[in-house]
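Analysis of the macromolecular model
Spelled out from the first residue to the last, the chains are:
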Amino acid sequence: MKRFVIPVSYLNRPLFLDLLSQAEEEFGYDHPMGGLTIPCSEDTFLDLTSRLSV
């Protein structure tokens, strides 16, 4: 697993909100280390975030 820091502005984007909803359903938000586990591959996540940064 890798850790990514994302801009707060992504939290307003429907595509990213869908991903967060999937993460909540699959893993929940209660993580002792403070991070979230996103239910997709690293390549998919990087592709999604690159589309959001445009």
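You'll find the protein entered in an unreviewed UniProt entry as Putative small auxin-up RNA, with Rosa chinensis given as the organism. UniProt lists a comment for the protein under the heading Sequence similarities (unreviewed entry), and it reads "Belongs to the ARG7 family."

Okay, the overall build of the protein next. Of the regular secondary structure elements, the protein holds two helices and zero strands. Against the globule reference of 10 Å for 54 residues, the protein gives a C-alpha radius of gyration of 11 Å, in line with a compact fold. Classification of the 54 residues of the protein by burial places 19% in the buried group. The long-range share in the protein, meaning contacts at least 24 apart out of those at least 6 apart in sequence, stands at 46%. When the accessible surface of the protein is summed, it comes to about 4,300 Å², and 55% of that surface belongs to carbon and sulfur atoms. Of the side-chain charges in the protein, 4 are positive and 8 negative, and the distance between the mean point of each set is 10 Å.

With that settled, consider the environment of Tyr29. Structurally, Tyr29 is set in the loop between α1 (14-27) and α2 (42-52). For the pair Tyr29 and Phe4, spaced 25 residues apart in sequence, the C-alpha separation works out to 16 Å. Setting aside its immediate chain neighbours within four residues, Tyr29 contacts Leu20, Ser21, Glu24 and Leu36.

Turning next to α2. Among all positions of α2, only Phe45, Leu48, Thr49 and Leu52 are buried. Buried residues of α2, viewed axially, fall in a sector of 95°; they line one side. Elements in contact with the buried residues of α2: α1.

The rules behind each value
Residues numbered from 1 in each chain as written. Predicted model: local features only at pLDDT ≥ 70, side-chain atom pairs only at ≥ 80, totals over all residues. Heavy atoms only, no water. UniProt positions renumbered as here; feature names shortened; annotations may be inferred. Helix = DSSP H or I, 4+ residues; strand = E, 2+ residues; numbered from the N terminus. Rg over C-alpha atoms; globule rule 2.2 N^0.38 Å. Buried < 20%, exposed > 50% of the residue type's maximum accessible area, 1.4 Å probe, protein only. Contact = heavy atoms within 4.5 Å. Areas by Shrake-Rupley, 256 points an atom, 1.4 Å probe, with all protein chains shown as cover. Lys, Arg positive; Asp, Glu negative; His and termini not counted. Charge placed at Lys NZ, Arg CZ, Asp CG, Glu CD. Arc of directions from axis to C-beta.

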